[in-house]
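Examination of the molecular architecture
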Amino acid sequence: MQFMCLIYSTEGTGPQPGTPEFGPFMKGYQDFTQKVKDEGKLVAGDALQAVSTATTVTVRDGKTETMDGPFAETKEQLGGYYLLDCADLDEALKYAALIPTADYGRIEVRPIVVWDN
């Protein structure tokens, strides 16, 4: 079963580039990524660019509109994701707790819908 682990945090919280804490923080991500690869759990994963690069698209009455920035107006922003193949929710939650941003933000874990064709 696949689970999406969505990584949320408030921009500017947690270790920042140029600080002594940033290297170990990024090493934590490298180690986690290697762990889920080695254990055959990683389907995909990546970081996103800053929320300032986001564009939101809506279509209303056939008219496409774009808005700079994310749709949600909250302090916590989606910063990246991992798509994991786990036996069940409990296993996915175990892995989500190992994602370094869990210490500074939140990790939302959601099962992927499997469409029968």
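Now for a quick tour of the structure. Computed from a predicted structure; not experimentally measured.

1. Examining the overall build of the protein chain
Each helix and strand in the protein chain was counted, giving two helices and six strands. Scanning the protein chain from its N terminus toward the C terminus, one meets helices and strands in the order β-α-β-β-β-β-α-β. The C-alpha extent of the protein chain, read off along each of the three principal axes, is 45 × 45 × 20 Å. Here the protein chain holds 117 residues, and 25% of them are scored as buried. Within the protein chain, contacts between residues at least 6 apart in sequence are counted, and of these 75% link residues at least 24 apart. Accessible surface, the protein chain as shown: approximately 8,100 Å² in total, 53% of it carbon and sulfur.

2. Brief notes about the nonpolar core
C5, Y82, L84, I99, I107 and V109 are the most contacted members of the largest nonpolar core, which totals 16 residues. The set of elements that each furnish at least two residues to this core consists of β1 (2-10), α1 (22-38), β5 (76-85), α2 (89-96) and β6 (106-111). It is α1 that provides the largest number of residues to this core, a total of four residues.

3. Brief notes about the sheet that holds β5
Spatial ordering of the open sheet is given by β2-β5-β1-β6, a layout of four strands whose pairing is antiparallel. Edge strands, defined here as strands with exactly one partner in the open sheet, are β2 (42-47) and β6. In this sheet, adjacent strand axes meet at a mean angle of 20° when their direction is disregarded. Inspection of the sheet shows β1 paired to β6 by six bridges, in the antiparallel sense. Bridge pairing links F3 to P111 in β6. Docked against the sheet, α1 engages β1, β2 and β5, running at close to 25° with respect to β5. In the packing of α2 onto the sheet, the strands contacted are β1, β5 and β6, and the crossing angle to β6 comes to about 155°.

Parameters at a glance
Residues numbered from 1 in each chain as written. Predicted model: local features only at pLDDT ≥ 70, side-chain atom pairs only at ≥ 80, totals over all residues. Heavy atoms only, no water. Helix = DSSP H or I, 4+ residues; strand = E, 2+ residues; numbered from the N terminus. Buried < 20%, exposed > 50% of the residue type's maximum accessible area, 1.4 Å probe, protein only. Contact = heavy atoms within 4.5 Å. Areas by Shrake-Rupley, 256 points an atom, 1.4 Å probe, with all protein chains shown as cover. Core = buried A, V, L, I, M, F, W, Y, C linked by side-chain atoms within 4.5 Å. Pairing = 2+ DSSP bridges. Axes fitted to C-alpha atoms, helices over the stretch in contact; angles between N-to-C directions.

Geometric values such as these leave the question of function open.
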